[in-house]
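An overview of the molecular structure
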Amino acid sequence: PAPLPEEPISVPTPKIATKDTPEHHLLFTILHFEQVGKPIDHTLPHEWIERSHPAGVLLDRFLGLMGQDDWPGRDHLDNLLETEEERTLVASLLFESPQIDDPVKVANEALRLIQSRSLEPRVRQIELALANTSTDSNVDANSLFKELLDIKRQLRAPLRLPAA
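1. Re the side chain of Thr21
Take Thr21: it is sitting in the segment before α1 (22–32). Since its relative accessible area comes to 10%, Thr21 is described here as buried. Polar side-chain contacts of Thr21 include one of 3.1 Å to the backbone nitrogen of His24.

Put into structure tokens, the structure is as follows:
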């Protein structure tokens with residue numbers, strides 16, 4: 001038999017469908033239930049929004065407008081959409097009928113997922129750093145421990161929209 005080539009086999013990285021992201025769910029929610037947009041804007045730190053896909057980019061843009069009371073309404077979005085991909089996404093979201101009984105509940109779950117996704121990697125970093133510290137290390141274990149406690153406290157109190 002012929003020898004196998006030495007090239008490494010490339011396995012495609014599984015890509016999460018953007019429909020499964022909390023940003024996609026929040027975008028859908030604010031397009032169909034505009035009244036939750038401003039509270040979401042005031043609750044969600046924008047740096048936590050994943051902008052590597054159109055749903056995150058649009059969510060960030062739309063929440064910013066809603067938070068500043070510059071939102072033109074879902075029927076006047078043409079000037080806010082910059083790419084064909086954004087236009088297609090918004091058209092498909094607006095065409096879809098909302099099967100949501102409680103938009104605040106949906107928004108709160110998406111906020112919780114974004115918060116976890118944003119904070120949990122830092123928890124793992126800190127835990128690893130603390131596990132690897134030695135007495136002669138430059139790592140300030142006390143400040144790391146305080147940060148760890150603060151992040152865990154935040155995770156125990158998930159982001160939630162204010163009660164209406």
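Read on for the rest.
2. Focus on the side chain of Thr29
Tracing the backbone shows Thr29 in helix α1. The class for Thr29 is buried, based on a relative accessible area of 0%. Excluding residues that lie within four positions of it along the chain, Thr29 makes contacts with Val36, Ile100, Pro103 and Val106.

3. Concerning the nonpolar core
Counting 38 residues, the largest nonpolar core has Leu26, Leu27, Ile30, Ile40, Leu44 and Phe62 as the members making the most contacts within it. Looking at this core, the elements that each hand over two or more residues are α1, α3 (54–67), α4 (84–95), α5 (103–131) and α6 (141–156). When neighbours within four sequence positions are excluded, Ile40 is seen to be in contact with Leu26, Ile30, Leu63, Ala107, Leu111 and Leu161.

4. Thoughts on α1
Burial of α1 is extensive: ten of the eleven residues sit out of reach of the surface. Considered for burial, the residues of α1 that qualify are Pro22, Glu23, His24, Leu26, Leu27, Phe28, Thr29, Ile30, Leu31 and His32.

5. Observations regarding the packing of α1 against α4
Viewed as axis vectors pointing N to C, α1 and α4 meet at an angle of 60°, and their least axial separation amounts to 10 Å. As for how α1 packs across α4, the hand of that crossing is right-handed. Between α1, through His24, Leu27, Phe28, Leu31 and His32, and α4, the contact on the second element is made entirely by Leu89, Leu93 and Leu94. Residues that form the contact of α1 with α4 fall into these classes: six nonpolar, two polar and no charged.

What counts, and where the lines are drawn
Residues numbered from 1 in each chain as written. Predicted model: local features only at pLDDT ≥ 70, side-chain atom pairs only at ≥ 80, totals over all residues. Heavy atoms only, no water. Helix = DSSP H or I, 4+ residues; strand = E, 2+ residues; numbered from the N terminus. Buried < 20%, exposed > 50% of the residue type's maximum accessible area, 1.4 Å probe, protein only. Polar contact = N/O pair within 3.5 Å; in protein donor to acceptor, adjacent residues only side chain to side chain. Contact = heavy atoms within 4.5 Å. Core = buried A, V, L, I, M, F, W, Y, C linked by side-chain atoms within 4.5 Å. Axes fitted to C-alpha atoms, helices over the stretch in contact; angles between N-to-C directions. Left-handed = near helix turned anticlockwise from the far one by under 90°. Nonpolar A, V, L, I, M, F, W, Y, C, P; charged D, E, K, R; others polar.

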